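What follows is the residue order along each chain.
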Amino acid sequence: MSRTGPRTPSRTRRLTTAQALVAFLARQYTERDGRRHRLISATWGIFGHGNVAGIGQALVEAGHGGNGTAYRMPYLQGRNEQAMVHAAVGYARQSGRLSAHAVTTSIGPGATNLVTGAALATINHLPVLLLPGDTFATRPADPVLQQLEVPYAGDVSVNDCLRPVSRYFDRVTRPEALIPAALQAMRVLADPAETGAVTLALPQDVQAEAYDWPEEFFAERVWRVRRPAPDTAELEAAVRAVRSARRPLIVAGGGVRHSAAEETLAAFTAATRIPVASTQAGKGALRHDHPADVGGIGHTGTATADELARTADLVIGVGTRYTDFTTASGTLFQNPNVRFLNLNITGFDAHKLAALPLVADARTGLEALTSALAGRGYRIDPAYETEYTGAKEAWEEQVEASFTTPDPTARPTQTQVLGLLDTLVTEEDILINAAGSLPGDLHKLWRTRSRDQYHVEYGYSCMGYEIPAAIGVLLATQAQGHEGRPVWALVGDGTYLMNPTEIVTAVQENLPLRLLILQNHGYASIGGLSEAVGGERFGTAYRHRDPDGGFTGPPLPVDLAANAASLGMRVLRATTVDDLRKALAEARSAEGPTCVYVETETPDTVSGPPPAQAWWDVPVAETASRPAAVTAREEYDRRVAARRHHL
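This section reports on the structure supplied with the text.

## As for the packing of helix α1 (residues 17-25) against helix α2 (residues 52-63)
Contact geometry for α1 and α2: axes closest at 8 Å, N-to-C directions at 50 degrees. On the basis of their axis angle, the class for α1 and α2 is oblique. In this structure, the crossing between α1 and α2 has a hand that is right-handed. Note on element contacts: α2 touches α1 through Gly 54, Ile 55, Gln 57, Ala 58, Leu 59, Glu 61 and Ala 62, opposite Ala 18, Gln 19, Leu 21 and Val 22. Taken together, the residues of the contact of α1 with α2 sort by class into 7 nonpolar, 3 polar and 1 charged.

Here it is, written out as structure tokens:
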């Protein structure tokens, strides 16, 4: 971190704590590879008694260049606090974690609504600054409206719920305490290894309290985003591991994207010919048509990638956390001699699966590994390359079969919807999804054309993420000077009903959001899982209750298209494959927020996606009277026997 503004420590400026915080935030920058970005470029907010007279008033002044400064803090109006965090996360991801948004709320429910969004941000290592109001520090009235009383601790408020989901948390109980707290908050937000949700809880009386702030606090500060290089000994061990491998496989995770290491990864594969499989966060690390790209890995992966994983003798993880979907709950990597080499910026992730660690920035580490291998003549056996390229071609035939729409007058299946979208998009389009059955279909089937086209949030897989995240992505593309990029939010009916309110924000800001709603009358993904584990699809259909207490009656007469229209969107209804093709093309060229609504057909064995190529552990009832659960338990016992602990 460096200061670039004038240093006049003898001067002070009298401001409220909230005014000082906003003025401070407007002067923070990140810098990586010689390029500077504003760290906090805007603030989302919903106001209540806990922040309206503090942060709210400060944003009014900052929006008009008040407090003797030309620095401004743009304000964005949200409708739901969780959704505001999702929008901020979408913005941060599209900005390469180099620029972020702040989110301010009142106390009470406004603050607790942040928790889900904060967990999502932290799990995905994406920066967002949370500024919830808090109860009075001076306690003139106790309790105040919306205060949680804790009999055993007078200093606890609902904001303490944010501690376990924040990478940094502080409660600013005195104005002068803001200075160290704000500096620590910026340090964590800009740290590529530590970043996530950062919370500064702000008691409502302290927000409005004035203080004589040292002018130096408001100097421009640049937080340099590090690219740590690997340790020499770790690098040499990594080189030995690669050179001794006969069937290596790279698992590309989100760290490749966060580090902007896609070209470096391509150069590494060009030199070694090692195939690259991708996690949900890493999909797009290579284009789908790159010779070394073998698609998604794990439970929702391709047959090509998963078969390579089963026989790999060296798995090279680059920027991945190895979630259970990636490892197929510990059943995927079955070679008895398999070893792991993990290149990761955090030591915590680099050491997973008893791996050889290579703790470094993904791009820097790959550059070092490529250079170290260059003079030693390593390249995989040509027969191995022929094997995986042939398997990739065979998988592409399955993708084509899933995408094919032979009858233009029929109602499309979900995979056929993706196939129609696949024929329409270019590398400019961005697809956003997070939950339901779509992430699995996308991971297996989608042909990613650019490094940032595939935006599936699967660290927390949060229903309701897509629409607000798309708004954040649109704001980021505008900030990057790419206003024309089409951004699609893909949602099922279950996800849509969770959180449609930010449609109003898209309309208010006239953002060209493309919303694609797939109506299948229930939780399709969990319905399928329920059937597989003996739950008999209980409670997963959106249907009228039947006389026996179940939900097997007619579909509910809910009109999601009418709902989206009532919130201000232009809506295009599609009934058939041909209707949908036209509607998608029209939506893509639209200038304002536009929704395409389609009811999907239940897929059959021909038009549906290929089945899961690897297992996922969801425990099944050990004792049960119903045959479905008994059968499911027998299958579970068979599957779980294949689990390995890699030690």
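Having seen it, we continue.
## Looking at helix α18 (residues 466-479)
For α18, built from 14 residues, the straight-helix expectation of 20 Å at 1.5 Å per residue is met to within 8% by its first-to-last C-alpha distance of 20 Å. Most of α18 is tucked away, with 12 of its 14 residues classed as buried. Every buried residue of α18 is accounted for by Glu 466, Ile 467, Pro 468, Ala 469, Ala 470, Ile 471, Gly 472, Val 473, Leu 474, Leu 475, Ala 476 and Thr 477. After α18 finishes, the residue Gly 481 shows a positive phi value of roughly 80 degrees.

## Details of the sheet that holds strand β15 (residues 293-296)
Taking strand neighbours across the sheet as the criterion, the 6 strands line up as β15-β14-β13-β16-β17-β18 in an open arrangement whose pairing is parallel. In this open sheet, the two edge strands, each paired with only one partner strand, are β15 and β18 (356-359). Mean inter-strand twist for the sheet, computed between neighbouring axes without regard to direction, equals 20 degrees. When strand β17 (residues 339-344) meets β18, the two strands line up parallel, connected through 4 bridges. Residue pairing for β18: Leu 341 is matched across the bridge by Leu 356. The strands touched by helix α11 (residues 303-311) within the sheet are β13 (248-252), β14 (276-278) and β15, with β15 carrying the most contacts at an inclination of about 100 degrees.

## With respect to the pairing of strand β22 (residues 513-519)
Extensive coverage of β22 is indicated by the burial of 7 of its 7 residues. Because side chains alternate across β22, one face comprises the buried residues Leu 513, Leu 515, Ile 517 and Gln 519, and the other comprises Arg 514, Leu 516 and Leu 518, equally buried. By the bridge criterion, 6 bridges tie strand β21 (residues 487-492) to β22 in an arrangement that is parallel. Bridging across to β22, Trp 488 finds its partner in Arg 514. Inspection of the sheet shows β22 paired to strand β24 (residues 594-599) by 6 bridges, in the parallel sense. Bridging across to β24, Leu 518 finds its partner in Val 598.

What counts and how
- Residues numbered from 1 in each chain as written.
- Predicted model: local features only at pLDDT ≥ 70, side-chain atom pairs only at ≥ 80, totals over all residues.
- Heavy atoms only, no water.
- Axes fitted to C-alpha atoms, helices over the stretch in contact; angles between N-to-C directions.
- Helix = DSSP H or I, 4+ residues; strand = E, 2+ residues; numbered from the N terminus.
- Parallel < 35°, antiparallel > 145°, perpendicular 65-115°, else oblique.
- Left-handed = near helix turned anticlockwise from the far one by under 90°.
- Contact = heavy atoms within 4.5 Å.
- Nonpolar A, V, L, I, M, F, W, Y, C, P; charged D, E, K, R; others polar.
- Expected span 1.5 Å × (residues − 1).
- Buried < 20%, exposed > 50% of the residue type's maximum accessible area, 1.4 Å probe, protein only.
- Pairing = 2+ DSSP bridges.

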